[in-house]
Amino acid sequence: MVKVNMKELAKELNVSVATVSKAMRDSHEISEQTKKKVLEAAARLNYTLNPYASSLRKRQSKTIALVLPEVADNFFSLAINGIQSVAERKGYHVLIYLSHEKFLNEVSILSECSSGRVDGVLISISSETTSAEHILKLQRENIPIVFFDREFEGLRIARVVTNDFECGYNAAIHLINNGCTNPVFLSISTSLGICNKRAEGFKAALLEMKAGDIENAVVVCKGTSGDEYSQIKKLLTGKNRPDGIVASVERLAMTVYLMSHETGISIPNQLKVVVFSTLETAPILNPPLTTITQPAFEIGKAAAELLFKGIEKKGYNLADEYVELPSVLTERMSSRNS
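Just so you know, these numbers come straight off a predicted model, no measurement behind them.

Visitor: Which parts of the structure should I look at to understand the packing of aromatic side chains?
Guide: With the rule as written, the count across this model stands at four aromatic pairs. A ring pair is formed by F76 and F148, whose centres lie 6.4 Å apart and whose planes are at 80°; its orientation type is edge-to-face. A residue pair is termed long-range when its members are at least 10 positions apart, and F76 in helix 5 (residues 74-90) and F148 in strand 4 (residues 145-148) qualify at 72 residues. Consider the rings of Y92 and F308, whose centres lie 4.9 Å apart with planes at 75°: the pair is edge-to-face. Taken together, the residues Y92 in the loop between helix 5 and strand 2 (93-98) and F308 in helix 12 (residues 296-312) connect sequence positions 216 residues apart. A residue is classified by how much of its surface remains accessible, and F308, at 1% relative accessible area, is buried. Grouping aromatic residues by their ring pairs yields a cluster made of F75, F76 and F148. Above the plane of the ring of F276 lies R198, whose end atom (NZ or CZ) is 3.9 Å from the centre. Lying across the ring of Y316, K313 places its NZ or CZ 5.7 Å from the centre.

Have a look at this one:
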């Protein structure tokens with residue numbers, strides 16, 4: 001059945017469009033008899049209220065955009081829950097977009113978020129993002145933006161992050177204290193601030209402890225999963241094989257475990273492993289995996305609360321808002337000195 005619009009429904013009932021609108025919203029201004037008449041006609045003529053159109057008239061979409069690089073990482077699943085907990089309380093919908101770690105995808109997504117489609121944007125940038133013009137364009141349109149986890153450094157935009165430099169430093173100290181003399185840091189990007197801060201903290205610890213090979217302490221694994229597999233295989237079977245690894249994301253740690261199994265490298269006897277991860281199965285892996293766990297739910301929740309501050313308080317300047325929540329290193333068998 002073809003749907004009718006509100007104007008056609010009003011004409012059918014010989015009432016005003018305003019009367020139909022108020023009746024559909026159960027307004028106290030409309031009698032119960034008229035409401036019943038409108039609802040019966042709406043059902044008969046297949047009319048449904050369009051809340052999105054109403055929101056546009058009010059210059060409010062009641063929707064926020066959440067832009068993620070991926071969802072395979074357990075961190076983002078937990079962060080989504082934190083964001084959703086705030087959005088639901090505020091009566092908002094959350095549109096989830098995936099950039100799949102591609103800069104051009106991210107540009108296209110943010111282009112869709114302009115012109116009133118959403119009331120605000122939460123974003124964790126892709127590993128390819130080296131330009132911020134698409135982000136600044138939204139800011140110029142007065143659309144509130146909050147970075148969470150992954151930020152574009154140097155911009156005056158609100159952010160919710162964790163203590164990445166300190167965590168990279170602590171991870172290296174942990175490996176050295178457990179007997180590692182040649183630890184390396186596995187990164188996924190040379191431009192992503194979160195990876196660089198962790199790597200800088202890692203190298204600072206090596207320098208302080210006079211351990212490892214500073215020049216080759218950071219190995220960047222880029223490309224497809226197959227590329228990462230090949231790079232890690234080359235690292236673990238090469239002449240200068242590391243005796244300790246800190247993985248910047250959990251998928252790299254899983255590849256290290258797989259390669260160690262395939263090549264007969266014993267964890268932790270020959271190779272100690274630490275990963276930045278919220279992986280719930282870390283304690284039951286063989287061996288149990290040492291993790292640096294970010295408070296993912298709390299990061300998502302804090303980012304959403306900041307965003308709604310910008311949405312609800314018109315004219316409020318979010319630019320200098322900064323929240324840092326600490327991560328926790330949990331030692332397990334994968335990094336212990338046997």
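Visitor: Looking at this structure, how should I read the sheet that holds strand 5 (residues 158-162)?
Guide: Two strands in a sheet stick together by hydrogen bonds in their backbones, pointing the same way (parallel) or opposite ways (antiparallel). Sheet architecture is open: six strands sit in the order 2-1-3-4-5-11, paired in parallel fashion. In this open sheet, the two edge strands, each paired with only one partner strand, are strand 2 and strand 11 (322-325). With strand direction ignored, the average angle separating the axes of adjacent strands in the sheet is 15°. Of the strand pairs in this sheet, strand 1 (residues 63-68) and strand 2 are connected by six bridges, and their pairing is parallel. Residue pairing for strand 2: L68 is matched across the bridge by L98.

Visitor: Is there a simple way to think about the pairing of strand 10 (residues 290-293) in this case?
Guide: Sheet topology note: the strand 9 (residues 272-276)/strand 10 ladder contains three bridges and is parallel. Counterpart to V274 in the pairing with strand 10 is T290. Pairing of strand 10 with strand 12 (residues 328-330) involves three bridges; the strand directions are antiparallel. Of the residues in strand 12, the one forming a bridge with T291 is T330.

Visitor: Would you take a moment to explain the nonpolar core for this structure?
Guide: One recurring pattern in soluble globular proteins is that nonpolar side chains are buried together. In terms of nonpolar packing, the biggest core is built from 46 residues, with V121, I135 and L186 touching the most fellow members. For this core, the element with the highest residue contribution is helix 11 (residues 250-263), accounting for five residues. Membership of the second largest hydrophobic core comes to 27 residues, among which are L68, F76, V86 and L122.

Visitor: Even after reading the chapter, I still don't get the side chain of T278, so can you show me in this structure?
Guide: Relative to the helices and strands, T278 is located in the loop between strand 9 and strand 10. For T278, a relative accessible area of 8% puts it in the buried group. Of note is the side chain of T278, whose polar atom sits 3.1 Å from the backbone nitrogen of F75. Aside from chain neighbours lying at most four places away, what touches T278 is N74, F75, L78, E250, T293, Q294 and A296.

Visitor: What am I meant to see in helix 1 (residues 6-13) here?
Guide: When we look at burial in helix 1, the residues that qualify are M6, L9, A10 and L13. Across the axial projection of helix 1, the buried residues extend over an arc of 100°, all falling on one side. In helix 1, the exposed positions that point more than 90 degrees away from the buried face belong to K7 and K11. Contacts from the buried residues of helix 1 go to helix 2 (17-24) and helix 3 (32-44). N-cap assignment for helix 1: the residue whose side-chain oxygen lies 3.2 Å from the backbone N of K7 is N5. Phi for N14, located one or two positions after helix 1, is positive at around 60°.

Conventions used here
Residues numbered from 1 in each chain as written. Predicted model: local features only at pLDDT ≥ 70, side-chain atom pairs only at ≥ 80, totals over all residues. Heavy atoms only, no water. Phe/Tyr/Trp six-rings, centres within 6.5 Å; stacked < 30°, edge-to-face > 60°. Helix = DSSP H or I, 4+ residues; strand = E, 2+ residues; numbered from the N terminus. Buried < 20%, exposed > 50% of the residue type's maximum accessible area, 1.4 Å probe, protein only. Lys NZ or Arg CZ within 6 Å of the ring centre and 35° of its normal. Pairing = 2+ DSSP bridges. Axes fitted to C-alpha atoms, helices over the stretch in contact; angles between N-to-C directions. Core = buried A, V, L, I, M, F, W, Y, C linked by side-chain atoms within 4.5 Å. Polar contact = N/O pair within 3.5 Å; in protein donor to acceptor, adjacent residues only side chain to side chain. Contact = heavy atoms within 4.5 Å. Arc of directions from axis to C-beta.

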